[in-house]
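Residue-level structure breakdown
In case you want the letters, here they are:
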Amino acid sequence: GTLKIQRAEIWKIPSMLEYTSGSCEINFMAAVDFSASNNFVKRFHRSESSGSNFLQQRYKLSSESLHFFSEVGFPNEYQAALSSIGSILSDYGCHRSAPLYAFGAKIDGHSDSIFVVPEIDANEGDHNMRRMLTSYKSAFSFPSLEMTEPTLLAPVIREAARNAKLMTIENEQAYSVLLVLTDGKIDDVDQTIDTLVENAADAPLSIIIVGVGGGNFEDMMRLDGDEEAGGCLVSSEGKKCPRDLVQFVPFRKYSKTMSHLTAETLAEIPLQLVTYFMSKGIRPTPPDDATCTH
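Residues numbered from 1 in each chain as written. Predicted model: local features only at pLDDT ≥ 70, side-chain atom pairs only at ≥ 80, totals over all residues. Heavy atoms only, no water.

1. A short note on the pattern of salt bridges
Put simply, the rule is: Every case where a carboxyl oxygen of Asp or Glu lies within 4 Å of a side-chain nitrogen of Lys or Arg is listed as a salt bridge. Think of it this way: any DSSP run of H or I at least four residues long counts as a helix, any run of E at least two long counts as a strand, and we number them from the N terminus. The buried label applies to any residue whose accessible area, calculated with a 1.4 Å probe on protein chains only, is under 20% of its type's maximum; exposed applies above 50%, and partly exposed to all values in between.
Per the counting criterion, the structure on display carries 8 salt bridges. Here glutamate 77 makes a salt bridge to arginine 252, at a shortest N to O gap of 2.7 Å. Residue glutamate 77 is located in helix H2 (residues 77-90), and its partner arginine 252 is located in helix H7 (residues 251-254); the two are separated by 175 residues in the primary sequence. On the basis of relative accessibility, which here comes to 16%, the residue glutamate 77 falls in the buried class. Here the salt bridges do not stand alone but share partners, grouping Glu149, Lys185 and Asp187 into one network.

Written out as structure tokens, the structure reads:
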């Protein structure tokens, strides 16, 4: 037989650096697990407000809580992971104000599965990471904060995918990275897999899940998808995820050396970013033609 080739194209696969040197901007988001499984003690304490003499309900964290704040300033695992990984991500290329989401908690009695943690005492010149860390710690001073269950991750993924797609309206080379910090106990694993396959896979998004504490992370490893279905997530309807977009890293395995934690966590992002843009036929913009949207 004879094989006739009527047209052939040779495409050089670009690197992440070629994208970020051009118009590509990396947008950073983070979501923190505020659920009751992180351990907390509910106590009453007298308000410190001037002229006030009544008791207010607050959530005081025990020393066993994964969210416990040391009096000597030693960071808890959530702070350490957010600071180490987030600082690298928020410094990639152009970036906007990075939102911090919370899940597994109630504010003012509302059982929303996800809410944005307000920026507290944030100066305009503060680095995104400093703002996030300040907001995270300040959240525990909210009188209306209630750490509850169930812990639902699917709404977090849907919101991140929605925001990632919105970013492309201004810049088709906008790419987002969501950092999820959790103790590993979630109650909607199957729904989260469906959301990853149906919503997030087609968004310019990578998701890093960092397991905090010493709990069971089997569900998180399922979401990574590297070890099952030939490295591919499969939805409840049998649909395969078209690309790899989740990376799971257990914090304590790499926490002794923050550089190792950062390297392991960010290892898959370059390939995920390039794979996504190539699947959409989007090539890097030459640096001289690049514009940055803040």
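Now that the structure is up, let's keep going.
2. Things to note about the pairing of strand E1 (residues 25-33)
Filter applied, for reference: Here, a strand pair is defined by DSSP locating no fewer than two bridges between the strands.
Burial analysis of E1 places 9 of its 9 residues in the buried class, which makes it a mostly covered element. Burial along E1 is two-sided: Glu25, Asn27, Met29, Ala31 and Asp33 and Ile26, Phe28, Ala30 and Val32, pointing in opposite directions, are all buried. Across 4 bridges, the pairing between E1 and strand E4 (residues 100-103) is parallel. By the bridge assignment for E4, aspartate 33 is matched with phenylalanine 103.

3. Examining the packing of aromatic side chains
How we decide: Geometry of aromatic contacts follows a simple scheme: Phe, Tyr and Trp rings, the Trp one being its six-membered ring, pair when their centres are within 6.5 Å, and the pair is stacked under 30 degrees between planes, edge-to-face over 60, tilted otherwise.
Applying the stated criterion across every chain, the model contains 11 aromatic pairs. Relative to tyrosine 136, the ring of tyrosine 78 has its centre 6.4 Å away and its plane inclined at 35°; by these criteria the two rings are tilted. Note that tyrosine 78 is positioned in helix H2 and tyrosine 136 in helix H3 (residues 128-138), a separation of 58 residues in sequence. On the accessibility criterion, tyrosine 136 (1% relative accessible area) is buried. Of the aromatic side chains, those joined through ring pairs into one cluster are Phe34, Phe69, Tyr78, Tyr136 and Phe140.

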